[in-house]
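Per-entry structural report
Next come the chains, spelled out residue by residue.
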Amino acid sequence: MHLQPPPPVPVTKIESLDPVLERLEAQGRPFDPDLLRRVYGFSADMHRDQVRRSGEPYLFHPLAVSYLLADLKFDQTCVATGLLHDVLEDTLTTRDVLEKRFGAEITELVDGVTKIGRHAYVRRDQAQAETFRKMILASAKDIRVILVKLADRLHNMQTLQHMSPEARRRISRETLEIYAPIAHRLGMAKVKGDLEDLAFYFLYPHQFAELHSKIQEKVKLGQEEVERLRERFRRTLEEAGIEAEIGFRVKRYYSIYQKLRRQGIDISRLYDYLAFRIITSTDKDVYAALGVVHQNWRPVPGRFKDYIAMPKPNLYQSLHTTVVGERGQPFEVQIRTREMDLVAEEGIAAHWRYKEGKGENLASDLNILWLRQLLEWQKEIQDPRTFLTTLKIDLYPDEVYVFTPKGEVLCFPRGATPIDFAYKVHTELGHHCAGARVNGKLVPLRSTLTNGDMIEILTSPNSAPSRDWLNFVVTSRAKSKIRHWLNAVQKERAVEIGRPLLEKELRKYKASPKKVYDGKAMAEYLEQEGMSGVEDLFSRIGFGKTSPKHVVARVLSEAQLAEPAEEPSRLRKVVRKILPFGSGPILVKGQGDLLAFLAKCCNPVPGEDIVGYVTRGRGVSVHSTDCPNVRNLLYNQDREIEVQWAKDDESRYRVTVGIEATDEPGMLAKLTEVIAKLDSNISHLEAETVEPGLGLIEVVVQVRDRKHLEKILKALRSIPGMSRVERRMSSGNGARALP
Ligand code: MN
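Residues numbered from 1 in each chain as written. Predicted model: local features only at pLDDT ≥ 70, side-chain atom pairs only at ≥ 80, totals over all residues. Heavy atoms only, no water.

1. Some words on the overall build of the protein chain
What the protein chain contains, in helices and strands, is 29 helices and 21 strands. The proportion of buried residues among the 739 residues of the protein chain is 49%. Total accessible area computed for the protein chain in this model is approximately 37,500 Å², and 50% of it derives from carbon and sulfur atoms. (Helix = DSSP H or I, 4+ residues; strand = E, 2+ residues; numbered from the N terminus. Buried < 20%, exposed > 50% of the residue type's maximum accessible area, 1.4 Å probe, protein only. Areas by Shrake-Rupley, 256 points an atom, 1.4 Å probe, with all protein chains shown as cover.)

2. With respect to the sheet that holds strand S10 (residues 441–443)
Strand order in the open sheet formed by three strands is S10-S9-S11, and the pairing between neighbours is antiparallel. Of all the strands in the sheet, just S10 and strand S11 (455–459) have a single pairing partner and so form its edges. Averaged over all neighbouring strand pairs, the angle between strand axes comes to 35 degrees, with direction disregarded. Two elements, strand S9 (residues 433–438) and S11, share five bridges in a ladder whose sense is antiparallel. Within the sheet, the bridge partner assigned to Cys433 lies in S11 and is Thr459. Those strands touched by helix H19 (residues 418–425) are S9, S10 and S11, and its axis lies near 80 degrees from that of S11. (Pairing = 2+ DSSP bridges. Axes fitted to C-alpha atoms, helices over the stretch in contact; angles between N-to-C directions. Contact = heavy atoms within 4.5 Å.)

3. Brief notes about the packing of helix H1 (residues 18–26) against helix H3 (residues 60–71)
One way to put it is that H1 packs onto H3 with a least axis distance of 8 Å and a crossing angle of 15 degrees. Relative to H3, H1 is oriented roughly parallel. Crossing handedness for the pair H1 and H3: left-handed. Of the residues in H3, those touching H1 at Pro19, Val20, Arg23 and Leu24 are Leu63, Ser66, Tyr67, Ala70 and Asp71. Residues that form the contact of H1 with H3 fall into these classes: six nonpolar, one polar and two charged. (Parallel < 35°, antiparallel > 145°, perpendicular 65-115°, else oblique. Left-handed = near helix turned anticlockwise from the far one by under 90°. Nonpolar A, V, L, I, M, F, W, Y, C, P; charged D, E, K, R; others polar.)

4. Observations concerning the packing of aromatic side chains
Inspection of every chain in the model, using the stated rule, returns 18 aromatic pairs. For the pair Phe208 and Tyr253, a centre-to-centre distance of 4.9 Å together with 55 degrees between the ring planes defines the contact as tilted. Linking Phe208 in helix H12 (residues 205–239) with Tyr253 in helix H13 (residues 253–263), this pair joins segments that are 45 residues apart in sequence. Relative accessible area serves as the criterion here: at 14%, Tyr253 is assigned to the buried category. On the basis of an interplanar angle of 85 degrees and a centroid distance of 6.2 Å, the ring pair of Phe233 and Phe331 is categorised as edge-to-face. Placement of Phe233 in helix H12 and of Phe331 in strand S6 (residues 330–337) is noted, with a sequence separation of 98 residues between them. (Phe/Tyr/Trp six-rings, centres within 6.5 Å; stacked < 30°, edge-to-face > 60°.)

5. Some remarks on the coordination of the manganese ion
The coordination sphere of the manganese ion, as far as protein atoms go, consists of His61 (NE2), His85 (NE2), Asp86 (OD) and Asp152 (OD), spread over 2.2 to 2.5 Å. Site description for the manganese ion: donor spacing in sequence, H-x23-H-D-x65-D. Taken together, the residues His61 in helix H3 and Asp86 in the loop between helix H4 (76–84) and helix H5 (87–90) connect sequence positions 25 residues apart. Both residues of the pair, His61 and Asp86, belong to the buried class. (Donors = N, O, S within 2.8 Å, 3.2 Å for Na, K, Ca; no water.)

6. Let's talk about unusual backbone geometry
Not every positive phi belongs to a glycine, and Asn439 is a case in point at roughly 50 degrees. Turning to its location among the elements, Asn439 is positioned in the loop between S9 and S10. Despite not being glycine, Asp679 shows a phi value in the positive range, around 60 degrees. Tracing the sequence through the fold places Asp679 in the loop between helix H28 (667–677) and strand S19 (682–691). Taking the relative accessible area as the measure of exposure, Asp679 reaches 44% and is therefore partly exposed.

7. So, the pattern of salt bridges
Inspection of the entire model under this criterion finds 36 salt bridges. The salt bridge involving Arg554 is made with Glu529; its shortest N-O contact spans 3.3 Å. A residue pair is termed long-range when its members are at least 10 positions apart, and Arg554 in helix H25 (residues 548–555) and Glu529 in the loop between helix H23 (520–528) and helix H24 (534–542) qualify at 25 residues. The network of salt bridges with common partners includes Lys190, Asp194, Asp197 and Arg252. (Salt bridge = Lys/Arg side-chain N within 4 Å of Asp/Glu carboxyl O.)

8. Overview of the nonpolar core
In this structure, Leu211 and Phe233 are the most contacted members of the largest nonpolar core, which totals 95 residues. Setting aside residues no more than four positions away along its own chain, Leu211 makes contact with Phe200, Tyr253, Ile256, Tyr257, Leu260, Ile267 and Leu270. (Core = buried A, V, L, I, M, F, W, Y, C linked by side-chain atoms within 4.5 Å.)

9. What about helix H14 (residues 283–296)?
With 14 residues, H14 extends 21 Å between its outermost C-alpha atoms, agreeing within 8% with the 20 Å of an ideal straight helix rising 1.5 Å per residue. Those residues of H14 that sit buried are Asp285, Val286, Ala289, Leu290, Val292 and Val293. Down the axis of H14, the sector holding all buried residues measures 165 degrees, keeping them to one side. Relative to its buried face, H14 has exposed residues pointing more than 90 degrees away, namely Lys284 and Gln295. Buried residues in H14 make contact with H12, strand S2 (274–280), strand S5 (319–324) and S6. (Expected span 1.5 Å × (residues − 1). Arc of directions from axis to C-beta.)

Interpretation note: all reported values are geometric properties and have no functional meaning in isolation.
Here it is as structure tokens:
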């Protein structure tokens, strides 16, 4: 058990206006103390009889809020609004009174802040959503409303222990989910850290106490070493001629807690809790200092981040690296200029002063654009709960920034995967990607990257892109590289299919393939057809764009063509004329005029599931969805088109049937008889003996539809001596897929 420690952020306790004026003075900008005194007097008068739950005068709260605003370097209008922010809500004052006394600007702001909080306690989800809708509405007019609200929330969090346990939880949760992210988005690191640590303290007291005591222990034990380290930093940088301030701090509790949880690390193994900060005077010294640090301390791979080259959306700039100390424990080092440090701590406040100094309008600011966008979305969303969800999600930008093992920062669209990452780094890394580690943990290739991930790609020489990857990669680079690879593989496969087809045809005429390939006729043919070589020809045959018969007719001499070789078959070879058939019966969805034809490889029949592919210049080829060509992906998926069978069709469809049969007299007669009886025609028949007593028959029959085909297959199977009667589909133009 751990004793509950004090809250991680001290209570801002202000009992008079003087500290507020001091903070304003420290800003070095002109302001009107008389106006603030009048505002203060009015607020004190209005709140005079009220007390807070702590028992203190209510006035201490607006005083603390205005002090926080002055301390955050916001202008006197903000500070005045802080003093008045509760008068419309909690006292009898009206807008008119305020406007008469202090003018329209302050009144608008006070009204804006009031509206943010007005419905806070109605119904929980509704009320929260309402709150944020109004807040955004108001902020679109003036972002100072949000700044005052953040200061108000910060002081309320500092004094939360006076609230009921239920209220503590509710307010803490809201702070974690809504206000801290807004502070973060506006670059206000300190406010964000304070809000988160306080919410953590009240929401998870046990976890906080445990972490707190662990860190105290570590800080105590490591104090000397840390001081030594700081001294070494100072000396090393000085020797290198770099002027810099060196500080160190314990990281924020909530960020440590989240990191432990994210990485599943036990508190006892916590070591990365310290951050050193090197503040240099000039830009070039930042990188010089980084070089010095990396020369003297071993950097942890993958932990270097350059937010100078790539600032965060909230304009944060800094170098981050993690190096290993003397005893092997890593610690983070942040290196930046004084200016960057100011922006890092104050965010929009620093940015604001800069713009103000240059007389620029803050409305052009990126942050305001972000808020305006939220406002636009808000208009479209009716359900306040939906809006709340949207607001939570879209506090984060559309991009994710991740790191290579070398520490390079790469930017990806949201939803990117390790495959996208691999292809961005190198094409070959993508092609051979076999797995991925994110922050040292193996993850599926389809998992999405999140900000700050360190990605390591595992490769294997045997790994290759899969078509499945196209379903989840998001970058166009990865998509096109994968497609390109798949096409190349398809071409290779087509070559493998096309070559034996052509050679089989050549051998029918006793022509030597090698001689034909090297011959003059082939060279001429290739040139006329615009092909780069025989490989190109093989792939065309494999893709079914050219038939081997056609090629043979062009490249062999008339004398060769006149003498086809004898087929070594005992069975009679029967060839019948193929009946022509039309392209009428298939409808292409929404494209009545497209010419459609049945693919030769599978010859689908009515009643069967079919799919269409748009071919180059030949219309739509229609395949059975079971066709191996469809499954083997010889086709480009983008060319797929929906097709369906037309009704009332009189056509006949050709189907190839393969049969194994005992080689005996009368077999073919029985076969033709059965087919004729079932009202079908044979358009082609081939038979050959493969081994003594066993023949293979391939017959092309004409059928009306699927049912008709099934009848024929059944009848053929019933003939004695016939086995393995099967419908055939081919995987290339003429290449038989079945054994
Ligand atoms: Mn308040």
